[in-house]
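Each chain, letter by letter, is given below.
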Amino acid sequence: MSAFIDARNVPSGTVLEPDLAIIGGGPVGISLALSLANTPLHVALLESGGMTFDSKTQALYEGARVGAPYLTLEASRLRYLGGSSNHWGGWCRPMDAIDFEERSWLPYSGWPITKKDIDKYFARAHALCEGGTLLYDRAGKYASEMGPAIALGDGGVTTRWFQFSKMRGSMLPTHFGDRYADDLKRIPRLQVYLHANATRLGLNAGGKNIDEIDVATLTGRKFKVKPKAVVLATGAVEAARLMLASNDVVTAGVGNEHDLVGRFFADHPIPRDTATLVIFDGKLSPYYTEQQTFRGAILRAGLFPSEAFRRANAVMGSSITIENRVDLDDLASAAVATTAAAIGVDAGDAIAFSLGCGMEVTPDPERRFTLDTDKDALGMPKLKLHMRIADSDFAHFRQTLKELGRQLLESRAGMLRLNLKTREDWLDGLDWGNHHMGTTRMHADPRKGVVNANLLVHSVANLYVAGTGVYPTYGAANPTINLIALVLRLADHLKGGLR
Ligand SMILES: Cc1cc2nc3c(=O)[nH]c(=O)nc-3n(C[C@H](O)[C@H](O)[C@H](O)COP(=O)(O)OP(=O)(O)OC[C@H]3O[C@@H](n4cnc5c(N)ncnc54)[C@H](O)[C@@H]3O)c2cc1C
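Here's a quick rundown of the structure. All values derive from a computational prediction rather than experimental measurement.

1. Quick word on the overall build of the protein chain
Along the backbone of the protein chain there are 11 helices and 23 strands. Radius of gyration (C-alpha) of the protein chain: 24 Å, near the 23 Å computed for a compact globule of 499 residues. Projecting the C-alpha coordinates of the protein chain onto the three principal axes gives extents of approximately 80 × 45 × 40 Å. The buried share among the 499 residues of the protein chain stands at 59%. Total accessible area on the protein chain is roughly 19,300 Å²; 50% of this is exposed by carbon and sulfur atoms. Between the centroid of the 55 positive side chains of the protein chain and the centroid of its 54 negative side chains there is a distance of 5 Å.

2. Re the site of the ligand
Within the structure, the ligand sits among 35 residues, and Glu-47, Ser-84, Gly-89, Trp-91 and Thr-480 are positioned closest to it. The contact in question runs from a nitrogen atom of the ligand to an N or O atom on the side chain of Thr-480, over 2.8 Å. Taking 1,000 Å² as the accessible area of the ligand by itself, protein coverage stands at 93%. For the shell around the ligand, the per-class residue count stands at 14 nonpolar, 18 polar and three charged.

3. Thoughts on the pairing of strand β11 (residues 222–225)
Burial of the side chains of β11 is restricted to one face: Phe-223 and Val-225 are buried, whereas none of Lys-222 and Lys-224 on the reverse face is. Of the strand pairs in this sheet, strand β2 (residues 15–16) and β11 are connected by two bridges, and their pairing is parallel. Counterpart to Val-15 in the pairing with β11 is Lys-224. Pairing of strand β10 (residues 210–216) with β11 involves four bridges; the strand directions are antiparallel. Bridging from a neighbouring strand, Asp-214 pairs with Lys-224 of β11. The hairpin turn running from β10 into β11, its antiparallel successor, is five residues long, and Gly-220 in that turn takes a positive phi close to 100°.

4. Some points on the sheet that holds strand β23 (residues 463–465)
The sheet built from six strands is open, its strands ordered β1-β8-β4-β3-β12-β23 with parallel pairing. Whereas interior strands pair on both sides, the edge strands pair on one side only; in this sheet they are β1 (3–6) and β23. Strand-to-strand twist across the sheet, computed as the mean angle between neighbouring axes with direction ignored, equals 20°. Bridge analysis of strand β3 (residues 20–23) against strand β12 (residues 229–232) gives four bridges, and the strand direction is parallel.

5. Side note on the environment of Arg-300
Position of Arg-300 relative to the elements: it lies in strand β16 (residues 297–305). When the C-alpha positions of Arg-300 and Phe-4 are compared, they lie 38 Å apart, and in sequence the two are 296 residues distant. Separated by 3.3 Å, the side chain of Arg-300 and the backbone oxygen of Tyr-288 make a polar contact.

6. Thoughts on the environment of Arg-263
With respect to the helices and strands, the residue Arg-263 is situated in the loop between α6 (236–245) and β13 (269–270). Distance in space between the C-alpha atoms of Arg-263 and Arg-367 is 6.2 Å, their sequence separation being 104 residues. Here Arg-263 is in contact with Pro-365, Glu-366, Arg-367, Arg-368, Gly-438 and Thr-439, once residues within four sequence places are set aside. In this structure the side chain of Arg-263 is engaged in a polar contact, spanning 3.3 Å, whose partner is the side chain of Glu-366.

The rules we used
- Residues numbered from 1 in each chain as written.
- Predicted model: local features only at pLDDT ≥ 70, side-chain atom pairs only at ≥ 80, totals over all residues.
- Heavy atoms only, no water.
- Helix = DSSP H or I, 4+ residues; strand = E, 2+ residues; numbered from the N terminus.
- Rg over C-alpha atoms; globule rule 2.2 N^0.38 Å.
- Buried < 20%, exposed > 50% of the residue type's maximum accessible area, 1.4 Å probe, protein only.
- Areas by Shrake-Rupley, 256 points an atom, 1.4 Å probe, with all protein chains shown as cover.
- Lys, Arg positive; Asp, Glu negative; His and termini not counted.
- Charge placed at Lys NZ, Arg CZ, Asp CG, Glu CD.
- Near = heavy atom within 4 Å.
- Polar contact = N/O pair within 3.5 Å; in protein donor to acceptor, adjacent residues only side chain to side chain.
- Nonpolar A, V, L, I, M, F, W, Y, C, P; charged D, E, K, R; others polar.
- Pairing = 2+ DSSP bridges.
- Axes fitted to C-alpha atoms, helices over the stretch in contact; angles between N-to-C directions.
- Contact = heavy atoms within 4.5 Å.

In structure tokens, the structure reads:
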């Protein structure tokens, strides 16, 4: 049996010597620990929080923001066992092949792995997320029993499917801490330290190996972990912070020889009410607006730009969701009547919906985190986020919306009215996916990426970073399930032997 150990009871000065230290007990740390269960590795999982929310621990996530509007750093993630899965939405979708490709029109694009490299782990990742029957885009075949897909003329936008995580015996998506605590306790060579904050990654004198991790509790205990290898699984923001703040040997910070750590931060912007969708015959299948349970899965349809459309038109990824019913004002009603008359359809029963979306942003090295002068309760420097969002990102999405509008008219099924024109329109009420990505990007070339294709930090022989921070480009798919697939691949790599 493994033990859950309260680090507040570990005497100061203790030195732990596991084979592997996993820092962070979110979906990544937990999935990795579960995957290594049947190996000879002795693993210590260090988790900052306990089993439930605690405001003093959560405050360790506070930081500053400048630039474009963004969420507060402490509100967009959670710091206790299970991490941000304790309040995630459970939306899941596989990334597309194009998301991994180098695109001549997209600077900084190109993963050192392809979609195929993680595809074989996807079913297990889906099972860990408790997504039920693996359907995704195959759902369309069965959903026709509940009504037809929106008729769209040939073109770049098609109906595709989200699938949802749902924790066994609950209405909620899988909260990895609650759901897997008992499974973790059954792993013989695993020890989970709660209330254990990693505060420093200690490089050896040559700067090429992590020799020790400093751990502190909010009650003042301090001890060290000296593992053979380390996996940093603290989420994209905190991974950058820990690497930048561990600057006693390499002054730029661990793995930051090429000034990349903390740069290229990204999230999925969610502009509200981007367009109004009008369906002329007044009929829309329910799976577009609400989750539906069928064939052992929970699903909802969205509208997505195809890979071919993205390639041909050099546009970023996005997902379009159909949200609430809206009333048309006089001007919009007149536009609908005029358009319907022009194409010879009856729009007497027309209904209208507001469209939502999740957008992919272009990689930007200046959208970044730096260390701030303020310190947290453990003496660690806080982060400052320099947030930016380019007008071209909105323009990419507008191009996809226009294509959808064209296809609706071509099929004579409906029409689209674009609601957001100026930058101020787009930023007004802008929400975000809370999908932190990009701060420790993956690239085969050490000058262009922090980690290699195996998630190993280029300049450190025994430090892996496992998190969405390694995404060099981001796609529009919900990140967590794809991330877990990537982490299961890392588990296979680690099973091959620690260096
Ligand atoms: C409101 C919200 C809704 C979301 N909805 C979705 C969704 O619908 N679909 C989707 O795909 N994704 C969603 N996400 C994103 C998803 O939650 C993350 O992708 C996922 O949790 C990342 O897992 P992780 O293990 O990498 O990091 P985290 O979940 O952030 O876990 C990191 C863990 O590390 C611990 N930690 C941090 N610093 C230290 C330290 N110094 N020492 C020790 N431990 C530390 C933390 O306490 C935490 O437990 C959502 C996120 C939020 C906030």
